[in-house]
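# Architecture at a glance
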Protein chains: 2
Amino acid sequence: MLERMPPDFRAMLRGASLRVTGPRLAVLDAVHEHAHADTDTVIQRVRADLPTVSHQAVYDVLRALTVAGLVRRIQPAGSVARYEARVGDNHHHVVCRDCGRIDDVDCAVGQPPCLTASDDHGFTVEEAEVIYWGRCPDCASPSRVSTDQP
Amino acid sequence: MLERMPPDFRAMLRGASLRVTGPRLAVLDAVHEHAHADTDTVIQRVRADLPTVSHQAVYDVLRALTVAGLVRRIQPAGSVARYEARVGDNHHHVVCRDCGRIDDVDCAVGQPPCLTASDDHGFTVEEAEVIYWGRCPDCASPSRVSTDQP
DNA sequence: CCGTTTTCCTGAACGAGTCAAGACAATGGC
DNA sequence: GCCATTGTCTTGACTCGTTCAGGAAAACGG
């Protein structure tokens with residue numbers, strides 16, 4: 001299983017000065033396979049390969065990978081933390097208010113930083129995060145009565 | 001105390017079909033006086049006027065006011081919920097990664113919705129929320145060693 | 001292969017926010 | 001003004017995502 005793991009993950013970890021371990025390879029794989037997965041989903045997917053990995057290990061690994069820039073943590077208001085493998089490309093997200101579905105959206109302008117604050121109050125701005133709030137096609141459909149909204 | 005409360009709040013509550021109560025007036029006052037206050041800060045300020053108000057009441061009131069559109073709830077990733085009185089003007093926020101300070105920023109483009117997703121994946125987008133991440137002047141100052149960062 | 005350093009496991013704890021049920025108070029008609 | 005109705009507040013327990021702590025285990029460089 002782990003032997004057939006694409007070697008990229010090993011190289012990515014080494015490139016970030018992180019030790020190559022089973023839990024880390026499994027978490028990287030989980031995040032690459034399932035974009036916007038929350039921590040619990042990552043734990044499930046990791047345990048499909050390595051049943052004994054503790055939830056704490058997954059939390060630790062996700063943090064290490066986030067700090068290293070190998071994964072990106074996103075957390076729309078009212079949601080638990082979610083993780084994705086697309087990093088460094090300055091993309092944004094559409095979030096469904098009903099079901100919580102998240103999709104990627106390319107940068108509205110194109111060049112990072114894609115937006116400049118009209119008055120930054122003296123802040124040193126590093127990043128502009130954009131979240132588009134709305135309804136996904138399924139939840140917006142009038143033929144469907146949503147059962148997920150509060 | 002409550003008798004000298006500006007009448008606006010009463011009118012605002014009535015206009016939103018909400019009953020006028022002490023806790024609600026106090027919460028409205030707290031949010032208007034202290035922009036971007038978190039729930040705990042609101043509780044403190046409310047209890048300065050009405051010492052017996054329960055934390056649950058403040059949670060309930062903040063939710064009712066948010067649903068009614070009288071206050072706006074914001075929650076940058078990794079932060080607790082915060083509330084502000086500026087509503088309906090499509091403004092955004094700069095957030096300091098070190099100390100958590102939040103300042104208002106006017107819409108980068110000007111017209112709500114101020115941004116249009118390049119590809120909305122069929123979503124019905126209602127609102128574009130922008131958060132500028134960076135450092136506030138105090139935390140960015142090289143003459144100061146930050147003590148607040150993790 | 002060994003020692004050092006990092007990572008992982010076990011288990012407990014934290015804290016923002018929520019749930020539930022009953023007491024209480026604001027509103028509108030009398 | 002007073003009462004009934006309806007919505008709000010109090011009390012207290014609880015949920016759950018996440019973090020803390022300490023020791024066991026594993027990865028890496030030499």
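Heads up: the structure comes first, above all this text.
The structure contained in this document is the topic of the report that follows. (Residues numbered from 1 in each chain as written. Chains lettered and ligands numbered in written order. Predicted model: local features only at pLDDT ≥ 70, side-chain atom pairs only at ≥ 80, totals over all residues. Heavy atoms only, no water.)

Let's shift gears to the protein's contact with DNA strand D. Around DNA strand D, a shell composed of 19 residues is seen, among which V20 and Q56 of chain A together with T21, R24 and S54 of chain B lie nearest. Residue Y59 of chain A places a side-chain N or O atom 3.2 Å away from a phosphate oxygen belonging to DNA strand D. Contributions of two or more residues to the surface near DNA strand D are made by α4 (55-68) of chain A together with α2 (22-33) and α4 (55-68) of chain B. Examining the composition of the surface near DNA strand D, we find that four residues originate from one element, α4 of chain A, more than from any other. The residue makeup of the surface near DNA strand D, split by class, is eight nonpolar, seven polar and four charged. (Near = heavy atom within 4 Å. Polar contact = N/O pair within 3.5 Å; in protein donor to acceptor, adjacent residues only side chain to side chain. Helix = DSSP H or I, 4+ residues; strand = E, 2+ residues; numbered from the N terminus. Nonpolar A, V, L, I, M, F, W, Y, C, P; charged D, E, K, R; others polar.)

Further remarks concern the interface of chain A and chain B. In this assembly, 38 residues from chain A lie in contact with 38 residues from chain B. Of the roughly 3100 Å² buried between chain A and chain B on both sides combined, carbon and sulfur atoms contribute 53%. Sorting the residues of chain A by area buried against chain B places F123, E129 and Y132 of chain A first, and these three jointly supply 20% of that buried surface. Summed over the shared surface of chain A and chain B, the number is six salt bridges. Residue R135 of chain A is joined to E126 of chain B by a salt bridge in which the shortest nitrogen-to-oxygen separation is 3.4 Å. Linking chain A with chain B are 22 residue pairs in polar contact (both at pLDDT 80 or more), by the criterion used here. When contributions to the side of chain A that touches chain B are tallied by element, the ones reaching two or more residues are β4 (92-96), β5 (102-105), β6 (124-135) and α5 (137-140) of chain A. (Contact = heavy atoms within 4.5 Å. Buried area = accessible area lost by both parts, 1.4 Å probe. Salt bridge = Lys/Arg side-chain N within 4 Å of Asp/Glu carboxyl O.)

So, about the sheet that holds strand β3 (residues 82-84) of chain A. Residue and element names in this part refer to chain A. Read from one edge to the other, the open sheet built from three strands follows the order β1-β3-β2, with strand pairing classed as antiparallel. Of all strands in the sheet, those with a lone pairing partner are β1 (37-38) and β2 (72-74), marking the two edges. Inspection of the sheet shows β2 paired to β3 by three bridges, in the antiparallel sense. Paired with I74 across the strands is R82, a residue of β3. (Pairing = 2+ DSSP bridges.)

In this section: helix α3 (residues 39-49) of chain A. Residue and element names in this part refer to chain A. Regarding α3, the residues found buried are T39, V42, I43 and V46. All buried residues of α3 fall inside an arc of 100° around its axis, so they share one side. Buried-residue contacts for α3 involve α2 (22-33), β1, α4 and β3. (Buried < 20%, exposed > 50% of the residue type's maximum accessible area, 1.4 Å probe, protein only. Arc of directions from axis to C-beta.)

All names here are of chain A. The alternating pattern of β5 places I102 and D104 on one face and D103 and V105 on the opposite face, and all of these are buried. Note: β4 against β5, four bridges, orientation antiparallel. Along β5, the bridge assignment pairs V94 with D103. From the end of β4 to the start of β5, which pair antiparallel, there are five residues, and G100 there has a positive phi angle of about 80°.

The subject of this paragraph is the sheet that holds strand β2 (residues 72-74) of chain B. Residues and elements named next belong to chain B. Strand order in this open sheet of three strands is β1-β3-β2, and the pairing throughout is antiparallel. The open sheet is flanked by β1 (37-38) and β2, the only strands paired with a single partner. Two strands pair when backbone bridges link them, and β1 and strand β3 (residues 82-84) are joined in this way by two bridges, in the antiparallel orientation. In the strand pairing of β3, D38 is matched with R82.

To continue, consider the relation of the copies chain A and chain B. Both copies of the chain are related through a single rotation about an axis accompanied by a shift along the same axis. Of the transformation placing chain A onto chain B, the axial shift is 0.1 Å and the rotation is 180°, giving an RMSD of 0.1 Å. One copy is carried onto the other by what is essentially a two-fold rotation axis. When C-alpha distances to the rotation axis are compared across chain A, the minimum falls at V130 of chain A, with a value of 2.3 Å. Most of the interface of chain A is mirrored in chain B, where 100% of its interface residues again form contacts. (Least-squares fit on C-alpha atoms with pLDDT ≥ 70 in both.)

Below, the discussion takes up the environment of R73 of chain A. Residues and elements named next belong to chain A. Tracing the backbone shows R73 in strand β2. Overall, the relative accessible area of 43% leaves R73 in the partly exposed class. Between the alpha carbons of R73 and L62 there is a distance of 8.5 Å; along the sequence they are 11 residues apart. Not counting residues within four places of it along the chain, the set of residues in contact with R73 comprises T66, A81, R82 and Y83. Within the structure, the side chain of R73 is placed 3.3 Å from the side chain of Y83, a separation counted as a polar contact.

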